[in-house]
Amino acid sequence: MSSTRETAPSVFALFPRSFWIVNAMEIFERMGWYGFYAVSTLYLTSPISEGGVGLSSQDRGVIQGLSTFFLYFFPVLFGTLADRYGYRLMFLLSSAIMIPGYLLLHLPHSFYGFFAVYILVACGHGMFKPVVVSTVVKTTNTQNGSMGFGIFYMMVNIGGLLGPIVAGIVRGWSWDYVFYASAFWIVLMGIFCFVLYEEPPHERVREPLSKVLSNMMAVVGNARFFSLIIGMLLLLVLGNKWWTIGRASFVAVVWLLFHAAWDVLLFFFGPKQDGRPLPFYLSRLKIGEGKYLLFLLLMSGFWTAFNQLQMTFPEYIRDYVDSTDLVNGIRPITSVFDRIFTFLGFDTTSWSKALLDRGQVKPEHLTNINALGIIFLQVLISFLARRMSPLVTIMSGTLLSAFSFLLFVPFASHGSGFLVVVGVLVFSVGEMLASPKAKEYAGRIAPPDKVGLYMGYFYMSIALGNLFGGLFSGTAYQHFGKRGSDRPDVLFLVIFGLCVLTALLLGLYDRYLKRQTQVSSRRVLAQDDLAS
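Residues numbered from 1 in each chain as written. Predicted model: local features only at pLDDT ≥ 70, side-chain atom pairs only at ≥ 80, totals over all residues. Heavy atoms only, no water.

On to the overall build of the chain, then. Scanning the chain from terminus to terminus reveals 20 helices and two strands. Sorting the 532 residues of the chain into buried and exposed places 47% on the buried side. The long-range fraction of contacts in the chain, counting pairs at least 24 apart against all pairs at least 6 apart in sequence, stands at 82%. Total accessible area computed for the chain in this model is approximately 25900 Å², and 68% of it derives from carbon and sulfur atoms. (Helix = DSSP H or I, 4+ residues; strand = E, 2+ residues; numbered from the N terminus. Buried < 20%, exposed > 50% of the residue type's maximum accessible area, 1.4 Å probe, protein only. Contact = heavy atoms within 4.5 Å. Areas by Shrake-Rupley, 256 points an atom, 1.4 Å probe, with all protein chains shown as cover.)

This next bit is on the nonpolar core. Ranked by size, the top nonpolar core spans 120 residues in total, and within it Phe 36, Phe 91, Tyr 102, Phe 114, Tyr 118, Phe 295 and Tyr 316 carry the most contacts. Listed in part, the five residues of the second largest apolar core include Ile 374, Ile 381, Ala 385 and Leu 433. (Core = buried A, V, L, I, M, F, W, Y, C linked by side-chain atoms within 4.5 Å.)

Moving on, we come to the side chain of Ser 283. By the element assignment, Ser 283 lies in the loop between helix H9 (245-269) and helix H10 (290-306). Looking at Ser 283, its side chain comes within polar contact range of the main-chain oxygen of Pro 279, at 3.2 Å. Contacts of Ser 283, omitting those with residues within four sequence positions, involve Asn 222, Arg 224, Asp 263, Leu 266 and Leu 278. (Polar contact = N/O pair within 3.5 Å; in protein donor to acceptor, adjacent residues only side chain to side chain.)

Right, let's get into the pattern of salt bridges. Within this structure, the stated rule accounts for 13 salt bridges. Between Arg 17 and Glu 198 there is a salt bridge, with the nearest N and O atoms lying 2.8 Å from each other. One end of the pair, Arg 17, is in helix H1 (residues 17-45); the other, Glu 198, is in the loop between helix H6 (176-196) and helix H7 (209-220), with 181 residues separating them in the sequence. Each of Glu 50, Arg 171, Asp 357, Arg 358 and Glu 364 takes part in a single network of salt bridges with overlapping partners. (Salt bridge = Lys/Arg side-chain N within 4 Å of Asp/Glu carboxyl O.)

Turning to helix H16 (residues 390-406), a few remarks are in order. For H16, spanning 17 residues, the distance from its first C-alpha to its last is 24 Å, which sits close to the expected 24 Å at 1.5 Å a residue. Looking at H16, one finds that the buried residues are Pro 390, Leu 391, Thr 393, Ile 394, Gly 397, Thr 398, Ser 401, Ala 402, Ser 404 and Phe 405. (Expected span 1.5 Å × (residues − 1).)

Before going further, it helps to examine the packing of aromatic side chains. The tally for this structure, following the rule as stated, stands at 51 aromatic pairs. Ring centres 6.2 Å apart and planes at 20° place the aromatic pair Trp 255 and Phe 258 in the stacked group. Remark: Phe 258 and Trp 255 occur in helix H9; sequence separation between them is three residues, near one turn of the helix. Here Trp 255 falls in the partly exposed class, since its relative accessible area comes to 27%. Taking the relative accessible area as the measure of exposure, Phe 258 reaches 45% and is therefore partly exposed. Seen in terms of ring centroids, Phe 295 and Tyr 441 are 5.3 Å apart; in terms of plane orientation they differ by 45°. Their pairing is tilted. With Phe 295 in helix H10 and Tyr 441 in helix H17 (residues 417-445), this residue pair connects regions lying 146 residues apart in the sequence. Judged on exposure class, the residue Phe 295 and its partner Tyr 441 are both buried. It is Lys 241 that lies over the ring of Phe 111; its NZ or CZ is 4.3 Å from the centre. (Phe/Tyr/Trp six-rings, centres within 6.5 Å; stacked < 30°, edge-to-face > 60°. Lys NZ or Arg CZ within 6 Å of the ring centre and 35° of its normal.)

Below, the discussion takes up the environment of Gln 478. With respect to the helices and strands, the residue Gln 478 is situated in helix H19 (residues 459-480). C-alpha of Gln 478 to C-alpha of Arg 60: the two residues are 418 residues apart in sequence and 9.8 Å apart in space. Ignoring any residue separated from it by four or fewer positions in sequence, one finds Gln 478 in contact with Ser 56, Ser 57, Gln 58, Arg 483 and Gly 484.

Think of an α-helix as turning once every 3.6 residues; residues three or four places apart then point the same way. Taking 1.5 Å of rise per residue, the 25 residues of H9 would be expected to cover 36 Å, and the 36 Å separating its terminal C-alpha atoms lies within 8% of that figure. Burial in H9 covers these residues: Ala 248, Ala 252, His 259, Asp 263 and Leu 266. Those residues of H9 that are buried are in contact with helix H8 (223-238).

Averaged over all residues, the pLDDT of the chain equals 88, while 90% of them reach at least 70. Per-element mean pLDDT across the chain ranges from 64 in helix H18 (residues 451-456) up to 97 in helix H12 (residues 313-320). (pLDDT = per-residue confidence, 0-100.)

What follows deals with unusual backbone geometry. Here Arg 358, not a glycine, exhibits a phi torsion of approximately 55°, which is positive. The exposed category is assigned to Arg 358, whose relative accessible area is 61%. Not every positive phi belongs to a glycine, and Asp 486 is a case in point at roughly 60°. Overall, Asp 486 belongs to the partly exposed group, its relative accessible area being 35%.

So, on to the side chain of His 125. Following the sequence through the fold, His 125 ends up in helix H4 (residues 111-138). For His 125, the residues in contact, after removing those within four places along its chain, are Glu 29, Arg 30, Trp 33, Leu 71, Met 98, Tyr 102 and Ile 186.

This is how it looks when you write it as structure tokens:
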């Protein structure tokens, strides 16, 4: 009697070649972006004499907030262009934009010059982002989709880990090497695409760009309401650099009153609706997916706090943290390597520049513990939280992140390296709880016929969180940091309060949705009773 043993197919055989090539490209793209982004706070605020740009914290926050906002806003447009003209072409165009962008980024030493080039870089990454996700979707199916996206997000974190490590090492010799390294990773990405990438079969979309913009606007509301929101966001940005807060607030009130008064006039004297579309200025304000927009606004609170890790922490660590305890802790290990390489004939006298800056551990290496923790702990955290409801998981993660900021309050003016490591790891666990479940919750609250629409615009909460996060980081650190009142403890209390407020508002939002669902169910039952 014989038996045959069927061997399970290799994980590499489960997916076509394009899947693996695009995952390799994702690693290089993330290494390029995070390689500079992880040190951007330090570069922008370091004196010109030390190789930086010499900007204020407030100017730094405006650049980071606007550039990352557009990074997450551009995919809505470029995704449609990729469906029309092809994925491979869009990949190559994104490389052609990013490579010169990074090579030029070290040249300007003024706010407007750097901002212009950095927006170009963000545009290139915004072109790449929707195409790589679309390729993963097209090269997976219902059987291997979960594993495929799990592999993809692992590649995202690997790139997010390796990029800052390399950038932190090479900036010990020159800031220019950081930009060369980012450009080099994008060159490798472009080569992989040009030589190895095969575009998966997909239907070419011929939808006009005007139709895409119209659909995007419909989620927010009509053109009137869209212009109201864009105006408020513009005033928020103006109030962080070009205008005073008082002037921006006054204009914002006038802007709101103008729209309210115009609506009243249209109600009494405006043209009657006869089925034909009216010019936007003759249409009354109309909100689109109001409940979902409120959820996106609340989630932007979480992303605002989350972004402080990359925007505020590097500057705080540089100005307030004494990481001598970590240096002493790793000295026995580094001494062993030093003796080994010295014995092999290497001159290691300058190698400490890779890890240390003025005798302290570089901030980017400490904040990079976040990516390292996600790589090793995400699966375990997701397993432990598998039976928790999405909302409870999001609120728990947000409150845990709040606790991580609270840890710094008593020691904010004289933080230690060990405190930063513990704080970043606690924050990372909170992120691992909240971030994955946010998408799941968004899908669950969506009406069955609008799931795709809701999920497509989920990234708008991340875009807003980056905008709010950058503006908050720059203004708050300018006020509470070394150049201001020198009260970092108050800064951490504010971030802690933001996290707690976000968690509480999410809980109230969920209760509101459940009540609305119950009311709707009762109405349906009442109508059924009347009909019978």
